[in-house]
Amino acid sequence: MNPRPKHIAIIMDGNGRWAKERGHNRLWGHIRGAKAARQIIEASSRLKIRHLTLFTFSTENWNRPKKEVNFLMSLLSRQLDRELQTLMSNNVKFRTLGNLSQLPDNIREKIKDVKEHTKNNTGLTLTFAINYSGQQELTHCFKMLAEKVLSKKLHPNDISESLINQSLPSAYQDTPELIIRTSGEYRLSNFFLWQAAYSELFFVEKYWPDFNSEDLTEIIRQYTHKERRFGFITEQLKQQEVHTPNTVTLLN
Ligand code: FPP
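Residues numbered from 1 in each chain as written. Predicted model: local features only at pLDDT ≥ 70, side-chain atom pairs only at ≥ 80, totals over all residues. Heavy atoms only, no water.

### Some thoughts on the packing of aromatic side chains
- Applying the stated criterion to the full structure yields 9 aromatic pairs.
- Residues Tyr132 and Phe191 carry aromatic rings whose centres are separated by 5.9 Å and whose planes lie at 75° to one another, so their mutual orientation is edge-to-face. Pair noted here: Tyr132 is in strand 4 (residues 125–132) and Phe191 is in the loop between strand 5 (178–181) and strand 6 (200–203), with a separation of 59 residues, a long-range link. Exposure class is identical for Tyr132 and Phe191. Each is buried.
- Three or more aromatic residues joined by ring pairs make a cluster, and in this case those are Phe55, Tyr132, Phe191 and Phe192. (Phe/Tyr/Trp six-rings, centres within 6.5 Å; stacked < 30°, edge-to-face > 60°. Helix = DSSP H or I, 4+ residues; strand = E, 2+ residues; numbered from the N terminus. Buried < 20%, exposed > 50% of the residue type's maximum accessible area, 1.4 Å probe, protein only.)

### Digging into empty space enclosed by the protein
- If you walk through the whole model with that rule in mind, you get 1 cavity of 30 Å³ or more.
- For the largest cavity, the calculated volume is near 100 Å³.
- Lining the largest cavity we find Arg38, Ile41, Glu42, Gln79, Leu80, Glu83, Thr86, Leu87, Asn90, Val92, Leu126 and Phe128.
- Looking at the lining of the largest cavity, the elements that each hand over two or more residues are helix 2 (26–46), helix 3 (66–89) and strand 4.
- Per-element tally for the lining of the largest cavity: the top contributor is helix 3, with 5 residues.
- Taken together, the residues of the lining of the largest cavity break down into 6 nonpolar, 3 polar and 3 charged. (1 Å grid on protein atoms, 1.4 Å probe; cavity = no way out; pocket = protein on both sides within 12 Å on 5 of 7 lines; lining within 4 Å. Points joined across faces, edges and corners; volume = space filled by probe spheres on them. Nonpolar A, V, L, I, M, F, W, Y, C, P; charged D, E, K, R; others polar.)

### Points about the pattern of salt bridges
- Inspection of the entire model under this criterion finds 15 salt bridges.
- The salt bridge involving Glu68 is made with Arg26; its shortest N-O contact spans 2.8 Å. Of this pair, Glu68 sits in helix 3 while Arg26 sits in helix 2, and the two are 42 residues apart along the sequence.
- Judged by relative accessible area, Arg26 falls into the partly exposed class, the value being 31%.
- Ionic pairing is found between Arg64 and Glu68, a salt bridge with its closest N-O pair at 2.7 Å.
- Judged by its relative accessible area of 5%, Glu68 is buried.
- One continuous salt-bridge network, built from bridges that share partners, spans Asp13, Arg17, Arg181, Glu185 and Arg187. (Salt bridge = Lys/Arg side-chain N within 4 Å of Asp/Glu carboxyl O.)

### Topic: unusual backbone geometry
- You will see that Ser183, though not glycine, has its phi angle at about 85°, which is positive.
- Following the sequence through the fold, Ser183 ends up in the loop between strand 5 and strand 6.
- Despite not being glycine, Asn190 shows a phi value in the positive range, around 70°.
- With respect to the helices and strands, the residue Asn190 is situated in the loop between strand 5 and strand 6.
- Judged by its relative accessible area of 13%, Asn190 is buried.

### Considerations on the sheet that holds strand 3 (residues 93–97)
- Reading across the sheet, the 6 strands line up as 3-4-2-1-5-6 and stay open at both edges, with parallel pairing between neighbours. A single partner strand is all that each edge strand has here, and the edge strands are strand 3 and strand 6. On average, each strand axis in the sheet is inclined to that of its neighbour by 20°, with strand direction left out of account.
- Sheet topology places strand 1 (residues 7–11) next to strand 2 (residues 51–58); 5 bridges connect them, and they run parallel. Along strand 2, the bridge assignment pairs Ile10 with Leu54.
- Where helix 3 meets the sheet, it contacts strand 2, strand 3 and strand 4, and its direction lies at approximately 155° from that of strand 2. (Pairing = 2+ DSSP bridges. Axes fitted to C-alpha atoms, helices over the stretch in contact; angles between N-to-C directions. Contact = heavy atoms within 4.5 Å.)

### Topic: the layout of surface pockets
- For the largest pocket, the calculated volume is near 710 Å³.
- Met12, Asn15, Phe55, Thr56 and Asn61 are, among the 31 residues lining the largest pocket, the residues nearest its centre.
- Broken down by secondary-structure element, the contributors of at least two residues to the lining of the largest pocket are helix 1 (15–21), helix 2, strand 2, helix 3 and strand 4.
- Residue composition of the lining of the largest pocket, grouped by class: 14 nonpolar, 10 polar and 7 charged.

Right, dumping it as structure tokens:
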């Protein structure tokens, strides 16, 4: 059996379809999506998960109608205001991944404020991936390493998987053991392209606003019963010490 995952990442998908099927406009779906996010954050905290990453806004989401983008931004801002006390009382540290420089000033300020207030919390680390793109993150990382090579601070032979891991902005957390996507879509949509190498992927038919703490608990249960082989075979995992990508050591 696997221990409970330390890091769970979620692609929260299906708000728009959830609302449409109920005769509402898409924005209503996002409001209900934010409620679902709140429930999952609290559940993750209760379940003693170390890291939860929520894909909150992708770089591609700017292509949506302006009204929807503005609404998502104001929902984010309202959520940050409302949740600060809950984050504090649940001992949650708030972080972000993604390019914040394109966000409206007031949201950047709010994000900074929530990060500052929660920085000494020691429970769950909650990461919102905002204006995030896996390909963009990798491109920046490779550019930075190339510059170091050019300035002779780094030898090409020293570029390894582990160096890339450490050079990514997500280096403060282990890669996710579990990635969940709701709404019956089977793709990563430019999320955690590097980090997902060994993640267990769970695709759920439910739309995000319907996803709840029982669903999360059930997925964690299924995850703990999965055999994670990392290229080894079952007998090796049982008989010898094996170093896995997160440097977890499995003993028999
Ligand atoms: C996907 O639904 C969801 C998003 C675009 C972003 C996620 C945003 C939320 C859950 C609401 C805000 C949350 C927080 C934490 C502030 P979709 O619109 O792509 O749905 P569709 O595929 O049915 O159109």
